[in-house]
2 protein chains.
Amino acid sequence: MALVSASIITIGDELLIGQVIDTNSAWIAQQLLDLGIEIIRRTAIGDDKNAIMDTLSKDLQAVQLVILTGGLGPTSDDITKPALCEYFNSKLVVNKKVESHLRSLFERRNIPIFPANLSQAEVPENCHVLFNRQGTAPGMLFEKNNSIIISLPGVPHEMKGIMEDEVIPMLRKRFSSDAFMYRTIMTAGFGETAIAEKIKDIEEKLPSHIRLAYLPAYRMVRLRLTGSGADKNILNEELKKLQEAIANRLNEMVVSLEDLPLEQIIISKLTKENQTIALAESCTGGYIGHRITQIHGASKCFLGSIVCYQYSAKELLLGVDVAVLKNQGAVCEEVAKQMAIGVRKSLKSHIGFGITGLLSAGGDDDKTPVGTVWMAVCDESAVRTIKYNFPYDRIQNKEVAANMALLFIWKYINHFL
Amino acid sequence: MALVSASIITIGDELLIGQVIDTNSAWIAQQLLDLGIEIIRRTAIGDDKNAIMDTLSKDLQAVQLVILTGGLGPTSDDITKPALCEYFNSKLVVNKKVESHLRSLFERRNIPIFPANLSQAEVPENCHVLFNRQGTAPGMLFEKNNSIIISLPGVPHEMKGIMEDEVIPMLRKRFSSDAFMYRTIMTAGFGETAIAEKIKDIEEKLPSHIRLAYLPAYRMVRLRLTGSGADKNILNEELKKLQEAIANRLNEMVVSLEDLPLEQIIISKLTKENQTIALAESCTGGYIGHRITQIHGASKCFLGSIVCYQYSAKELLLGVDVAVLKNQGAVCEEVAKQMAIGVRKSLKSHIGFGITGLLSAGGDDDKTPVGTVWMAVCDESAVRTIKYNFPYDRIQNKEVAANMALLFIWKYINHFL
């Protein structure tokens with residue numbers, strides 16, 4: 001579909017034994033997609049020289065760009081560099097620029113520099129070094145029969161640094177294609193089947209050069225239209241029309257036509273309106289505050305969160321009525337209300353939000369069905385509440401509860417409640 | 001290395017365009033590892049019939065077990081089932097058990113059932129259905145030349161449910177090997193190079209049937225010894241001795257010889273000693289409370305967290321001295337101290353913890369260098385503080401700050417401070 005196809009090879013036993021989750025590939029894929037470069041395959045293999053060379057040869061038969069991550073560390077289980085050195089019939093030579101960078105880096109952090117660290121300055125003679133501003137392992141670029149092979153460290157911020165400083169600008173010059181575009185429709189509160197049923201006819205009539213993908217994440221389904229074409233303007237018009245048609249059809253399910261997380265959308269709106277918000281979290285344990293503060297600029301509207309995991313905290317910090325806690329338990333509409341009102345008062349925010357629920361079995365509450373969650377949102381004039389029953393396990397219930405909490409806040413500040 | 005080798009194929013455009021991060025593979029890998037089944041390759045491909053069939057044939061040349069996840073949804077972009085149907089020359093037939101499960105599932109959740117949903121009851125005639133207790137898409141098991149091919153839905157809790165109910169018991173019967181074991185040494189506060197230097201000689205003398213992997217995650221390095229052998233008892237002794245040797249050498253770097261997250265270790269210790277803890281989080285925005293409440297049983301010792309993202313919150317909820325905030329700013333030793341003491345007092349906990357820092361540029365604080373973080377921990381008799389300067393970006397600084405916060409709390413409750 002795209003003009004250039006690529007593959008990613010992630011290297012490291014830790015990926016195969018499941019002790020590390022690969023977040024690099026997703027980030028790299030998004031960067032390449034923005035350049036019109038389509039990933040057709042992603043392979044994870046162990047720290048194994050032959051596996052590295054085999055996978056590389058195989059991918060090079062199918063794609064023009066291969067990005068390898070990982071296995072560049074200073075410890076002996078990292079063997080990507082020797083493998084590439086052998087694959088490209090080269091030998092390791094010390095790169096002066098990298099060596100002096102290493103020495104100054106260790107000086108700045110004032111930690112002693114070990115031989116193992118200095119060995120990271122050695123690179124295959126026939127590679128182009130990609131400078132690693134933030135770390136010790138340099139990236140490497142090789143060329144073979146009009147294909148490009150790039151090796152990057154597995155440490156996320158180092159990989160991202162090299163991609164942004166060196167790789168992306170180079171790829172943009174070399175490969176960038178205007179004829180590859182996508183548009184997003186963000187929905188919340190509904191499942192993918194309900195959405196698919198509503199837009200069945202639109203989907204069936206999609207032209208062959210435009211695809212629709214459903215990206216569900218706990219009642220937040222992101223719809224992605226991806227198209228390719230010779231004429232950028234025509235393609236753009238086609239995608240725009242389809243995006244509008246789908247958005248109109250889905251109507252109240254849609255939260256945004258931009259590919260932004262809901263927390264970002266909430267922060268932007270509150271900031272624009274000089275409104276502040278404070279949270280009272282029980283069952284989510286601080287997760288909603290965490291999600292909001294992942295966004296740069298959250299401090300403009302987010303005052304704070306009171307994580308009242310225990311009865312005592314609800315009572316001491318939010319003035320929740322002890323009698324209500326005694327008689328109705330912590331998971332009820334009244335407690336959610338008093339939490340929202342209480343946190344708004346104590347943090348002097350425009351908007352207050354409270355959430356209380358039972359995400360997994362066990363604990364002192366035996367009356368409430370597992371998965372029950374009550375939420376409340378308020379300002380000086382009104383309080384709204386909603387109840388959910390989530391069917392998942394502890395971890396997933398926390399995820400979906402946070403998603404639905406953000407949706408509830410978003411609806412409230414947009415006057416949909 | 002293991003007696004049985006396996007591969008994982010994850011299917012879905014969303015994985016290739018990077019809008020979804022694959023957490024399933026890591027979980028599956030861990031389950032298989034516990035059965036002595038080693039994953040040699042993990043491939044992510046798009047919703048593409050040919051890619052599915054090609055990858056499957058290729059993997060079947062190398063492994064005895066292939067697990068596919070994803071592409072079983074009810075929407076038209078999910079084509080794993082037709083692909084498998086074609087690959088195994090079969091035809092789709094309605095499975096009565098699945099159909100009645102679907103009907104009752106939708107009845108219970110009282111949502112209308114669409115034809116698309118019912119179509120999920122159709123499975124290839126020659127497959128063994130793996131019942132999906134928690135969702136709509138059934139798992140499928142095929143056999144071909146003594147190899148097993150298993151197809152599972154991509155929704156994490158559904159995939160896990162089928163693995164636990166059906167797949168793992170079956171694999172244990174069929175493949176389980178006693179001659180495959182591993183041991184872990186959890187370290188915190190140091191980088192992998194420093195650790196590698198300390199145990200260089202031990203690592204160099206490792207026998208060929210035992211491997212050591214470094215699994216770094218923001219100043220928490222997990223060391224994993226993996227061994228295989230004919231005699232379970234001998235292997236167990238070998239690994240035990242090596243684990244002890246490494247742990248003794250690394251000494252103060254080691255936090256546990258069990259493969260448990262630090263938050264779990266802290267909760268267990270506090271619970272055993274009937275101690276309670278309360279947190280005051282500024283820069284981490286609730287993330288530490290979130291990490292702690294991911295652990296089942298956190299409610300036994302975790303009272304709550306005050307996320308005081310703003311000056312006003314620090315002042316209103318924790319009684320932090322306004323003069324100190326004015327003169328020294330929010331990121332200083334005194335504020336961290338007052339946060340810890342303040343939250344301990346207001347939540348009536350045995351232990352109080354406070355963290356304040358500047359994780360990324362911008363905001364009203366222009367004096368403090370980006371990456372500066374102050375932490376304090378206290379009980380009724382003492383307060384301890386520590387300062388860090390983290391070199392990463394906003395997201396990574398939050399991650400490492402939370403890790404070092406947990407380490408600081410762990411050290412305090414173990415009287416290492």
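Counting restarts for each chain: residues are numbered from 1 in the order of the written sequence. Each chain gets a letter, beginning with A, and each ligand a number, beginning with 1, in the order they are written. For this predicted model, a pLDDT threshold of at least 70 governs which residues receive local features, and a threshold of 80 or more governs which side-chain atom pairs are given and counted, while totals over whole chains, interfaces and linings are taken from all residues. Values shown for side chains rest on all heavy atoms present in the structure; no hydrogens or waters enter the calculation.

Here we take up the overall build of chain A. Under the scheme used here, helices are H or I runs from DSSP no shorter than 4 residues and strands are E runs no shorter than 2 residues, and both carry numbers assigned from the N terminus. A tally of helices and strands in chain A yields 16 helices and 17 strands. For chain A, the spread of C-alpha atoms along the principal axes amounts to about 75 × 60 × 40 Å. In these tables, accessible area is a Shrake-Rupley quantity obtained with a 1.4 Å probe, and a residue counts as shielded only by the protein chains included in the view. As displayed, chain A has an accessible area near 16,500 Å², and 50% of this comes from carbon and sulfur atoms. With 45 positive and 48 negative side-chain charges, chain A shows a spacing of 4 Å between the two charge centroids. We count Lys and Arg on the positive side and Asp and Glu on the negative side, and we leave His and both chain ends out. A charged residue contributes its charge at one atom only: NZ of Lys, CZ of Arg, CG of Asp or CD of Glu.

With that settled, the discussion passes to the interface of chain B and chain A. It is common to report an interface's size as the accessible area lost on association of the parts. Residue contacts are defined here by distance: any two heavy atoms, one from each residue, within 4.5 Å place the two residues in contact. Contact with chain B, which involves 87 residues of that partner, is made by 87 residues of chain A. The contact between chain B and chain A buries some 7,300 Å² in all, and 56% of this surface belongs to carbon and sulfur atoms. Take a side-chain nitrogen of Lys or Arg and a carboxyl oxygen of Asp or Glu: if they are within 4 Å of each other, that pair is a salt bridge. Counting across the chain B and chain A interface gives two salt bridges. Here A:Arg211 and B:Asp13 are joined by a salt bridge, their closest N and O atoms 2.3 Å apart. Think of a polar contact as two N or O atoms within 3.5 Å of one another; within protein, one of them needs to be a possible hydrogen donor and the other a possible acceptor, and neighboring residues in sequence only count if both atoms come from side chains. Counting every contact that joins chain B to chain A gives 34 residue pairs in polar contact (both at pLDDT 80 or more). By the convention adopted, Pro, Cys, Tyr, Trp, Phe, Met, Ile, Leu, Val and Ala count as nonpolar, Lys, Arg, Asp and Glu as charged, and the other residues, Gly among them, as polar. The residue inventory of the side of chain B that touches chain A, partitioned by class, reads 41 nonpolar, 26 polar and 20 charged. Two strands are said to pair when DSSP picks up at least two bridges between them. The sheet contact formed by strand β14 (residues 302-308) of chain A and strand β14 (residues 302-308) of chain B spans five bridges and is antiparallel. Of the residues in β14(B), the one forming a bridge with A:Gly304 is B:Cys308. Each of two parts loses accessible area, computed with a 1.4 Å probe, when they are put together; buried area is these two losses added.

Residue and element names in this part refer to chain A. Segmentation of the chain into domains, including their bounds, is taken from an automatic or database domain assignment. Per the domain assignment, the segments making up chain A are domain 1 (5-174), domain 2 (179-256) and domain 3 (262-413). Here the C-alpha centroids of domain 2 and domain 3 sit 32 Å apart. Across the boundary between the two partners, domain 2 contributes nine residues, which contact 14 residues of domain 3. The three residues of domain 2 that bury the most area against domain 3 are Tyr218, Arg219 and Met220, which together make up 64% of that side's buried surface. Along the contact surface separating domain 2 from domain 3 lie zero salt bridges. There are three residue pairs in polar contact (both at pLDDT 80 or more) connecting domain 2 and domain 3.

All names here are of chain B. To count as a disulfide, a pair of cysteine sulfur atoms needs to be within 2.5 Å. The tally for this structure, following the rule as stated, stands at zero disulfides over all chains. Distance from the sulfur of Cys308, which forms no disulfide, to the nearest cysteine sulfur (Cys283) is 9.4 Å. The closest cysteine sulfur to the non-disulfide-bonded Cys332 is located on Cys308, 12 Å from its own sulfur.

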